[in-house]
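A structural walkthrough
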Amino acid sequence: MDYKYIEQLLERYWECATTLEEEQILRTFFSQKDVPVVLLPYKDLFTYTETEKTETVLGDDFDARILSMIEDPAPVKAKTIRLTQRLKPLFKAAAVVAIFLTLGNAMQVAFQPRNPVDTTDMAAVEQVKEGVSVAQQVDTAKQDSSKLQTSVQLYR
């Protein structure tokens, strides 16, 4: 038997160019018992809707059974949150900032070069402390010039 028309319909079907009537012709052809071996792989594609109608589907009591399996959720109680609990993240952040600042200052002090204290500087500091008060000084310009002369003589 010549199945050229069916093969042409299949070609048009794969190109999506068939009409609804032509697709119905394909369905009725493949629903027959005697389908050629060459066209047998396409039979399941066109008889799928017919075979699915006969298979079991969900019953009317399915929704009731599923709803009975689902338990009612427990009511959620409102939880009171104190002010300290709300501010706890802020306290933690402030503590972290304080730690970083403290460590930063400690590192800065640790890496600064230290100058040893000279004994000559200490003597100068003590002289200033033991010196004459500003109220007792009469002529500061005269004293400044004498200090200048002594310092110039020391550097020569």
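For the structure, see preceding data.
A short tour of the structure in this document, coming up.

Conventions used here
Each chain has its residues counted from 1, running along the sequence as written. A pLDDT threshold of at least 70 governs which residues receive local features in this predicted model, and a stricter bar of 80 or more applies before side-chain atom pairs are shown or counted, although totals over entire chains, interfaces and linings include all residues. Heavy atoms from the whole structure form the basis of all side-chain values; hydrogens and water molecules are not counted. Salt bridges are defined as contacts in which a side-chain nitrogen from Lys or Arg sits within 4 Å of a carboxyl oxygen from Asp or Glu. Per the convention used, a helix needs a DSSP run of H or I reaching at least four residues, while a strand needs a run of E reaching at least two, with both numbered from the N terminus. Categorising residues by exposure relies on relative accessible area from a 1.4 Å probe, with only protein chains included: less than 20% of the type maximum marks a residue as buried, more than 50% marks it as exposed, and the intermediate range marks it as partly exposed. Expected span, for any helix, means 1.5 Å times one less than how many residues it has. The angle between axes fitted to the seven residues ending at a residue and the seven residues starting there is what we call the bend at that residue. Summarising the geometry, the arc corresponds to the directions from the helix axis toward the C-beta atoms. For Phe, Tyr and Trp, rings pair up if their centres lie within 6.5 Å, where Trp contributes its six-membered ring, and each pair is then called stacked (planes under 30 degrees apart), edge-to-face (over 60) or tilted (otherwise).

With that out of the way, let us pick up the pattern of salt bridges. Tallied over the entire structure, the rule returns 3 salt bridges. Where arginine 12 meets glutamate 22, a salt bridge forms, and the shortest distance between an N and an O atom there is 3.1 Å. Taken together, the residues span a long stretch of sequence, with arginine 12 in helix H1 (residues 4-14) and glutamate 22 in helix H2 (residues 20-30) at a distance of 10 residues. A residue is classified by how much of its surface remains accessible, and arginine 12, at 34% relative accessible area, is partly exposed.

Attention now moves to helix H5 (residues 83-111). For H5, spanning 29 residues, the distance from its first C-alpha to its last is 42 Å, which sits close to the expected 42 Å at 1.5 Å a residue. Bending of H5 peaks at approximately 40° at the position of proline 89.

Below, the discussion takes up H1. Taken residue by residue, H1 has Ile6, Leu9 and Leu10 as its buried positions. With its buried residues spanning 100° around the axis, H1 presents them on a single face. Opposite the packed face of H1, turned more than 90 degrees from it, sit the exposed residues Lys4 and Gln8. Phi turns positive one or two residues past the end of H1, at cysteine 16, with a value near 60°.

Under the counting rule described, the total for this entry stands at 6 aromatic pairs. Ring geometry for tyrosine 13 and tryptophan 14: centres 5.3 Å apart, planes at 70°, overall edge-to-face. Judged by relative accessible area, which is 24%, tyrosine 13 ranks as partly exposed. Put simply, the rings of Tyr3, Tyr13, Trp14, Phe29, Phe30, Tyr42 and Phe46 touch in pairs and so form one group of aromatic residues.

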